[in-house]
Amino acid sequence: QVQLVESGGGLVQAGGSLRLSCAASGRTFSSYRMGWFRQAPRKEREFVATFIRSALSTYYADSVKGRFTISRDSAKNTVYLQMNSLKPEDTAVYYCGARNRDIAIATMSTYDYWGQGTQVTVSS
């Protein structure tokens, strides 16, 4: 069992920045690859960013590439999502997920555990 807790969301103006955190506990953190998804009102949850192959590389959705950065602190069992140049269309609840395989990494069903989400609102 893995428990995930997101934090760091809030209200920010367009062009601003936020850093989200996802703290993991439970089974060995290093056994899982972490990813970020988001869900806007009346839309399906969509992929944002993830690590591939034990965090040796990263993969981003085209909509956030160049603006968002995923990183991790293994000593703290925490994954971060640095979000810069935020746009109103980035408004969503952001979720972190944990998976233990590197297939279909941008697909929700690949992830075994989820956090409760943190709200990000970007005003124009």
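Attention here is on the structure that accompanies the text. (Residues numbered from 1 in each chain as written. Predicted model: local features only at pLDDT ≥ 70, side-chain atom pairs only at ≥ 80, totals over all residues. Heavy atoms only, no water.)

The buried fraction of strand β8 (residues 78-83) amounts to five of the six residues, a majority that puts the element mostly inside the structure. Direction of pairing for strand β3 (residues 18-26) relative to β8: antiparallel, over a ladder of six bridges. Looking at β8, one finds that A23 is bridged to T78. Alignment of strand β7 (residues 68-73) against β8, held across six bridges, turns out to be antiparallel. (Buried < 20%, exposed > 50% of the residue type's maximum accessible area, 1.4 Å probe, protein only. Helix = DSSP H or I, 4+ residues; strand = E, 2+ residues; numbered from the N terminus. Pairing = 2+ DSSP bridges.)

All right, on to the side chain of T118 then. If you trace the backbone, T118 turns up in strand β11 (residues 118-123). The contact partners of T118, leaving out residues within four places of it in the chain, are E6, S7, G8, G9, L20, A92, V93 and Y94. (Contact = heavy atoms within 4.5 Å.)

The next subject is the nonpolar core. Membership of the largest hydrophobic core comes to 33 residues, with the highest contact counts inside it found for L4, W36, L81, M83 and Y94. Among all residues touching M83, those that are not within four sequence positions of it are G16, S17, L18, L20, R67, F68, Y94 and V120. (Core = buried A, V, L, I, M, F, W, Y, C linked by side-chain atoms within 4.5 Å.)

Inspection of every chain in the model, using the stated rule, returns one disulfide. Paired by a disulfide, C22 and C96 hold their sulfur atoms 2.0 Å apart. Handedness here is read from the sign of the S-S torsion; for C22 and C96, about 55°, the answer is right-handed. Placement of C22 in strand β3 and of C96 in strand β9 (residues 92-99) is noted, with a sequence separation of 74 residues between them. (Disulfide = S-S within 2.5 Å.)

Taken in spatial order, the four strands line up as β1-β3-β8-β7 in an open sheet, and their pairing is antiparallel. With partners counted over all chains shown, the strands left at the sheet margins are β1 (2-7) and β7, one partner each. Direction aside, the axes of adjacent strands within the sheet are offset by 20° on average. (Axes fitted to C-alpha atoms, helices over the stretch in contact; angles between N-to-C directions.)

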